[in-house]
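Results of the structural survey
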Amino acid sequence: MTTTSTNAAATKMLVGLIGKGIQHSMTPAMQEQEAREHGIRMHYQLIDLAEPAAGEHDLGQLLQALRAIGFAGFNVTFPFKQAIMPLLDDLSEEARQIGAVNTVVNTGGRLVGHNTDSSGWAWGFRRALPAADLSRVVLLGAGGAGSAVADAALRLGAGHLTVVDIDAARIDALASRLNEQHGPGRVGATTDIAAALEGATGLIHATPTGMASMPGLPLPEHLLRPSLWVSEIVYFPLETALLKAARARGCATADGGGMAVGQAVDAFRLFTGLEPDAGRIDAHFRAMIAAKQASS
């Protein structure tokens, strides 16, 4: 097994995913299949800390174990994208600016955190909604994924971004940081989703609501209207309750599959040092989703 992400000659690689409620993740199959295309025998291990009490103490011990075992790297998902940051040896500049980590690379025994959520969301969004009006965008969810998507939306040219979350302190902190990085006055914060959506051109949903393990709508359905595009980050199920409601009301939509594939493409590059085929990964992902839907 290799403990460096840049050894293209490696024939075996051990990587994984840390999170809660991740048994339906498509990431292992996406990464392992693309690795086979490059002649690498990759094993992608799900590390599901599903115990409700699991927290930062368990996370710290886990990182030491992964380092000792020889993991080449691992992805990180809800709810550990921010909690893992102080436990790592170093951070990429992008991860530091975003304030969240979703990919960690073991480089010579040092665990270095990266963020591919931002670039991954942007990749999927541009493919699905290339003509979207970005003048007034609302982001629902200020956690690790939301922080990354906020950065991406502003880099894509969002004129004004309103961040909505039930945690007032968290949205205020995120808005302050984003205004400092991207220019004063571009980001606002509120706990009132109805007020935020007045006059908005688009909605990005970045909370876990809608996942198979957390079903439901993240906002009242009547707030959706045809002039509003909706971008979802949840990808299992691919057709979330939010997307179903949005399409029924005439909204243009982008499903969470785009971000899932985009972040996987960038993570594969970090893990292996090789250039992945994004179109091939996307086709594989869509085929897996279709197969799961057909069997359910």
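This text follows the structure it describes.
So, here's what we can say about the structure.

Calculation criteria
Residues numbered from 1 in each chain as written. Predicted model: local features only at pLDDT ≥ 70, side-chain atom pairs only at ≥ 80, totals over all residues. Heavy atoms only, no water. Helix = DSSP H or I, 4+ residues; strand = E, 2+ residues; numbered from the N terminus. Expected span 1.5 Å × (residues − 1). Buried < 20%, exposed > 50% of the residue type's maximum accessible area, 1.4 Å probe, protein only. Arc of directions from axis to C-beta. Contact = heavy atoms within 4.5 Å. Polar contact = N/O pair within 3.5 Å; in protein donor to acceptor, adjacent residues only side chain to side chain. Salt bridge = Lys/Arg side-chain N within 4 Å of Asp/Glu carboxyl O. Phe/Tyr/Trp six-rings, centres within 6.5 Å; stacked < 30°, edge-to-face > 60°. Core = buried A, V, L, I, M, F, W, Y, C linked by side-chain atoms within 4.5 Å. Axes fitted to C-alpha atoms, helices over the stretch in contact; angles between N-to-C directions. Parallel < 35°, antiparallel > 145°, perpendicular 65-115°, else oblique. Left-handed = near helix turned anticlockwise from the far one by under 90°.

1. Quick notes on helix 10 (residues 278–295)
With 18 residues, helix 10 extends 26 Å from end C-alpha to end C-alpha; this agrees with the ideal 26 Å at 1.5 Å per step. By the burial criterion, the buried members of helix 10 are A278, I281, D282, F285, M288 and I289. One face of helix 10 carries all of its buried residues, which in axial projection span an arc of 125°. Turned more than 90 degrees away from the buried face of helix 10, the exposed residues are A294 and S295. The elements touched by buried residues of helix 10 are helix 1 (27–37), helix 4 (117–128) and helix 9 (257–272). Near the N-terminus of helix 10, the side chain that reaches the backbone nitrogen of G279, with its oxygen 3.1 Å away, is that of D277.

2. What about the pattern of salt bridges?
Tallied over the full model, the rule gives 15 salt bridges. Linking R249 and E221 is a salt bridge whose minimum nitrogen-to-oxygen distance equals 3.8 Å. Here R249, found in the loop between helix 8 (241–248) and strand 12 (253–254), pairs with E221, found in the loop between strand 10 (202–205) and strand 11 (229–232); they are 28 residues apart in sequence, far enough to count as distant. With a relative accessible area of 34%, R249 lands in the partly exposed category. Several salt bridges converge on common partners, so that one network encompasses R127, D255, D282 and R286.

3. Some words on the side chain of D151
Following the sequence through the fold, D151 ends up in helix 5 (residues 144–155). If we skip the residues at most four places from it in the chain, D151 touches I98, S118, L178, Q181 and H182.

4. Re the packing of aromatic side chains
Under the defined criterion, the tally for this structure stands at three aromatic pairs. Between W121 and F125 the ring centres are 4.6 Å apart and the planes differ by 20°, which places this aromatic pair in the stacked class. Remark: F125 and W121 occur in helix 4; sequence separation between them is four residues, near one turn of the helix. W121 sits in the buried class, given a relative accessible area of 2%. Under the relative-accessibility criterion, F125 is labelled buried at 4%. Taken together, a centroid distance of 5.6 Å and an interplanar angle of 65° make the contact between Y235 and F285 edge-to-face.

5. Quick word on the nonpolar core
Core analysis: the largest hydrophobic core is formed by 28 residues, its most contacted members being W121, L139, L161, V163 and I204. The element best represented in this core is helix 5, accounting for six residues. Residues V76, F80, A83 and V104 belong to the second largest nonpolar core, which totals 22 residues.

6. Structural notes on the packing of helix 9 against helix 10
To characterise two packed helices, one gives the angle between the axes of the helices and the distance between these axes. The N-to-C vectors of helix 9 and helix 10 enclose an angle of 135°; their axes lie 10 Å apart at closest approach. With respect to their mutual orientation, helix 9 and helix 10 come out oblique. In this structure, helix 9 meets helix 10 at a crossing whose hand is right-handed. When helix 9 is examined against helix 10, the residues G257, G258, A260, V261 and V265 are found in contact with a partner set consisting of A278, I281, D282, F285 and R286.

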